[in-house]
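Coordinate inspection notes
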Amino acid sequence: MLQVKDIEKYYGSKNNVTKALDRVSFDVEDGEFIAIMGASGSGKTTLLNCISTIDTVSAGDIFLDSENIAQLAETELARFRRERLGFVFQDFNLLDTLTIEENIGLALSINHTDAHTVQRQVREVAERLGISDILEKFPYQVSGGQKQRAACARAMVAGQSLILADEPTGALDSKASKNLLEIMTEMNRSMGATILMVTHDAYSASYAKRVLFLKDGRIFNELLRAERQRPVFYHEILDVLALLGGDVSDVI
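Residues numbered from 1 in each chain as written. Predicted model: local features only at pLDDT ≥ 70, side-chain atom pairs only at ≥ 80, totals over all residues. Heavy atoms only, no water.

With that settled, consider helix 2 (residues 74-84). Of all the residues in helix 2, the buried ones are Leu77, Phe80 and Arg84. The buried residues of helix 2 occupy an angular sector of 75° when the element is viewed end-on, so they sit on one face. On its buried side, helix 2 packs onto strand 4 (59-64), strand 5 (67-68), strand 6 (85-88) and strand 7 (162-166). (Buried < 20%, exposed > 50% of the residue type's maximum accessible area, 1.4 Å probe, protein only. Helix = DSSP H or I, 4+ residues; strand = E, 2+ residues; numbered from the N terminus. Arc of directions from axis to C-beta. Contact = heavy atoms within 4.5 Å.)

The structure is reproduced here in structure tokens:
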């Protein structure tokens, strides 16, 4: 469903050019949960920004469901993000002036979806994520775990093709991180969500089905979890991070 083909990204001027991405290519199948890892400056966030159309590629192509998003006109980008991409943020980004139901359905409302359809879709995804009983509450009235589920519901409510998460556990303690990762796993397994997650944390990456490792803007290695238990996969991820060189603490 996602094809990244030989993309390059340059920053700077003629006399001082930085190559952030160097001919990166990979495919994502429908229903995959993929983590992208690498040290600071490896290009992982730049890669996610290009896929999300927040940034543009200098060369190469990115296809989502056969549509070349690298060539979308500026006027089409906002619509594309609302309709095709879901985002999971570190700090949830829920609006305190809206109820949980209104927060989840915001993108649908912006797209001028009729009120009955918005309500139906919001309640369907809320039920699947176990938050039907808090829809009328405001974010400041619910727990952190319920906010996490609401943020995930918002990312999926419109049937978005791809869920993007940039360091989603970066600002969370270990208990909250585990809870969020289990929610994302549930979204992937039982709801069929396709997830692409950038993380510096090996524990978070071990929840994915596949891990791509970036180094100096290139794909350095790839690990498939297959049928291995998560703790075993976690230690294999640590082994690859050690091979990346430098201080492993920079990436774990």
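To continue, consider helix 9 (residues 230-243). Along its 14 residues, helix 9 runs 20 Å from first to last C-alpha, staying within 8% of the 20 Å computed at 1.5 Å per residue. Among all positions in helix 9, only Arg230, Phe233, Ile237, Leu238, Val240 and Leu241 are buried. Each buried residue of helix 9 sits inside an arc of 165° when the element is viewed along its axis, so together they form one side. Away from its buried face by more than 90 degrees, helix 9 exposes Asp239 and Leu243. (Expected span 1.5 Å × (residues − 1).)

Soluble globular proteins: nonpolar side chains tend toward being buried together. Counting 50 residues, the largest nonpolar core has Ile104, Phe213 and Ile237 as its most contacted members. Membership of the second largest hydrophobic core comes to 27 residues, among which are Phe26, Leu47, Cys50 and Leu85. (Core = buried A, V, L, I, M, F, W, Y, C linked by side-chain atoms within 4.5 Å.)

A complete count under the given rule lists 16 salt bridges for this structure. Notably, a salt bridge pairs Arg79 with Glu83, separated by 3.3 Å at the nearest N-O pair. Here Arg79 and its partner Glu83 are both found in helix 2, four residues apart, which amounts to about one turn of the helix. Judged by relative accessible area, which is 29%, Arg79 ranks as partly exposed. On the basis of relative accessibility, which here comes to 33%, the residue Glu83 falls in the partly exposed class. One salt bridge connects Glu136 with Arg123, and the closest N-O pair in it is separated by 3.6 Å. One end of the pair, Glu136, is in the loop between helix 5 (115-128) and helix 6 (144-156); the other, Arg123, is in helix 5, and 13 residues separate them in sequence. Sharing partners across several salt bridges, the network here consists of Asp6, Glu8 and Arg23. (Salt bridge = Lys/Arg side-chain N within 4 Å of Asp/Glu carboxyl O.)

Strand pairing in a sheet is mediated by backbone hydrogen bonds. Such pairs are either parallel or antiparallel. Ordered by their spatial adjacency, six strands build an open sheet running 6-7-8-3-9-10, and the pairing between neighbours is mixed. Here the strands that pair on one side only, and so sit at the sheet edges, are strand 6 and strand 10 (218-224). Adjacent strand axes in the sheet meet at a mean angle of 20° when their direction is disregarded. By the bridge criterion, four bridges tie strand 6 to strand 7 in an arrangement that is parallel. Bridge pairing in strand 7 places Leu85 opposite Leu162. Where helix 6 meets the sheet, it contacts strand 6 and strand 7, and its direction lies at approximately 165° from that of strand 6. In the packing of helix 9 onto the sheet, contacts are made with strand 3 (33-37), strand 9 (210-215) and strand 10, and the angle to strand 10 comes to roughly 160°. (Pairing = 2+ DSSP bridges. Axes fitted to C-alpha atoms, helices over the stretch in contact; angles between N-to-C directions.)

The phi angle at Asn93 is positive, at roughly 55°, despite the residue not being glycine. Among the secondary structure elements, Asn93 is positioned in the loop between strand 6 and helix 3 (100-104). In this structure Asn93 comes out as partly exposed when scored by relative accessible area, which is 38%. Although it is not a glycine, Glu167 adopts a positive phi angle of roughly 50°. Among the structural elements, Glu167 can be located in the loop between strand 7 and helix 7 (174-191).

The next subject is the packing of aromatic side chains. Going through the model one piece at a time under the given rule, you end up with two aromatic pairs. Ring geometry for Phe138 against Tyr140: centres 5.8 Å apart, planes inclined by 10°, an arrangement best described as stacked. Between Tyr203 and Tyr207, the ring centres sit 5.5 Å apart and the planes meet at 75°, which makes this aromatic pair edge-to-face. A relative accessible area of 25% places Tyr203 in the partly exposed class. (Phe/Tyr/Trp six-rings, centres within 6.5 Å; stacked < 30°, edge-to-face > 60°.)

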